Amino acid sequence: MIPFDGIKFFYVLSALLLPAAVLGFFQKPRKYYGMFATLVMLALIFGTAAQRVTLLLFYLLQLFLALAYSKLRKKSDKRYLLWIFLVLSAAPLIVVKLGGVIEGLSFIHLMGISYMTFRALQVLIETYDGLIGEVDALDFSYFLLFFPSVSSGPIDRYRRFKADADKVYERAEFAELVKKGVWKLLWGAFFNFGVSSVIYSGWLMPLPGEGLWNTVLYMYGYTFFLFFNFAGYSLMAIGASYILGIRTPENFNLPFLSRDMKDFWSRWHMSLSGWMRDYVYTRFVMASMKGGWFKDKRTGSYIGYVITMLTMGIWHGITPAYIVYGAYHGILMCVNDLLDTRWKHYKSLKKNKVFEAFSVIITFHLFSFGLLIFSGRIV
């Protein structure tokens, strides 16, 4: 059974969300029921014995690492220990990505492994930082496996998720949360099954595979298709989460109104870009400044952009298209920063309405070309 796809899934989803809504309205704890609903749904989503065993082994590994490091961190703050645990946690994901290009490693297939791995890594990193003290097995399990976002995100944060899971809402507050959740489910279904399906069948499918003009049309069509498809899945995941009392963070915020690429990445796939900003870019830049790696601190920032965006590209897969896509966005972020910091008239120009409109159009086309690279059509 595919998440948020097909009558069967939505029938089961409705049956599982109804008791959660009742518990919330009667101001009863929902965490244990939420974990039960997650296990039921995962048993249906991962429908074969092989898939369930793979998920179980992945889960047990991540649970062991989170609990073990939680204990170890109280005794030692050595950074190399964190790196050992991070590599072990990321190892299944690395094998899956390498399996896409190395035939002998293609023995692991696990839907949602990228999103679950990033959630697990975040727990380890924040445990090292001292932001997470004792890791609770149930809280971690619920966070890692939470079924609405297990396959396509958004990527939540452990402390925020735990606070919502433990919270007993006032009846009126929970009613408003359920109302918003239902609307998000409906809008997400409209985006996914309505708009993106029409774009795919009526725009992308009829296009011939060759020719410059056809490629340009494909670029626009693919951009809109991917937005409505992905935004639709995100909205449905967020909507289901709300009914379970979990305010999963938004993933999109009018990205096609962005004025530059920095603005764009604060609006598109926000949970992933925020994760990359906090745990890759910022940490690399801070380490480079602390270690005095570069004479000019901007150099560290530029290299940080490239590393971050390459990581994001490789997170999708180790293929030339994804790697070039990541490098392309890394370069765009460097150019954006150069304009912000080295062109003294740029900030004043950004306040001009005509220039702002022009910037929105340019940003949209820069991103659309990036998605053309991402699609593999020209790489």
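These remarks concern the structure in this document. As the structure is a computational prediction, the values presented were derived from the model and not from experiment.

## Here's the deal with the environment of Thr48
Okay, so step 1: Looking at the element boundaries, Thr48 is found in the loop between α2 (31-45) and α3 (49-73).
Okay, so step 2: Judged by its relative accessible area of 39%, Thr48 is partly exposed.
Okay, so step 3: A polar atom in the side chain of Thr48 sits 3.2 Å from the backbone nitrogen of Gln51.

## A look at the packing of aromatic side chains
Okay, so step 1: Per the stated rule, a full pass over the model turns up 48 aromatic pairs.
Okay, so step 2: Relative to Phe228, the ring of Phe227 has its centre 5.0 Å away and its plane inclined at 70 degrees; by these criteria the two rings are edge-to-face.
Okay, so step 3: By relative accessible area, Phe227 is classed as buried at 12%.
Okay, so step 4: Overall, the relative accessible area of 18% leaves Phe228 in the buried class.
Okay, so step 5: Ring geometry for Phe227 versus Trp268: centroids 6.1 Å apart, planes at 35 degrees, classification tilted. On the criterion of sequence distance, the pair formed by Phe227 in helix α9 (residues 212-243) and Trp268 in the loop between α10 (261-264) and α11 (270-291) is long-range, its members being 41 residues apart.
Okay, so step 6: Here the guanidinium or amino end of Arg73 rests over the ring plane of Tyr128, the centre of that ring lying 5.3 Å away.
Okay, so step 7: One cation-aromatic arrangement involves Arg171 over Phe26; the distance from NZ or CZ to the ring centre is 5.8 Å.

## A word on the layout of surface pockets
Okay, so step 1: Taken as a whole, the largest pocket spans an internal volume of roughly 1000 Å³.
Okay, so step 2: Along the wall of the largest pocket there are 30 residues; nearest its centre are Trp83, Leu86, Trp275, Tyr279 and Val280.
Okay, so step 3: If one sorts the elements of the lining of the largest pocket by residue count, helix α4 (residues 79-99) sits on top with 9 residues.
Okay, so step 4: For the lining of the largest pocket, a count of residues per class yields 23 nonpolar, 2 polar and 5 charged.
Okay, so step 5: Here the second largest pocket defines a volume of roughly 660 Å³.
Okay, so step 6: Along the walls of the second largest pocket sit 26 residues, with Tyr115, Ser152, Phe230, Trp315 and His316 positioned nearest its centre.
Okay, so step 7: Along the lines of polarity and charge, the residues of the lining of the second largest pocket split into 18 nonpolar, 7 polar and 1 charged.

Parameters and conventions
Residues numbered from 1 in each chain as written. Predicted model: local features only at pLDDT ≥ 70, side-chain atom pairs only at ≥ 80, totals over all residues. Heavy atoms only, no water. Helix = DSSP H or I, 4+ residues; strand = E, 2+ residues; numbered from the N terminus. Buried < 20%, exposed > 50% of the residue type's maximum accessible area, 1.4 Å probe, protein only. Polar contact = N/O pair within 3.5 Å; in protein donor to acceptor, adjacent residues only side chain to side chain. Phe/Tyr/Trp six-rings, centres within 6.5 Å; stacked < 30°, edge-to-face > 60°. Lys NZ or Arg CZ within 6 Å of the ring centre and 35° of its normal. 1 Å grid on protein atoms, 1.4 Å probe; cavity = no way out; pocket = protein on both sides within 12 Å on 5 of 7 lines; lining within 4 Å. Points joined across faces, edges and corners; volume = space filled by probe spheres on them. Nonpolar A, V, L, I, M, F, W, Y, C, P; charged D, E, K, R; others polar.

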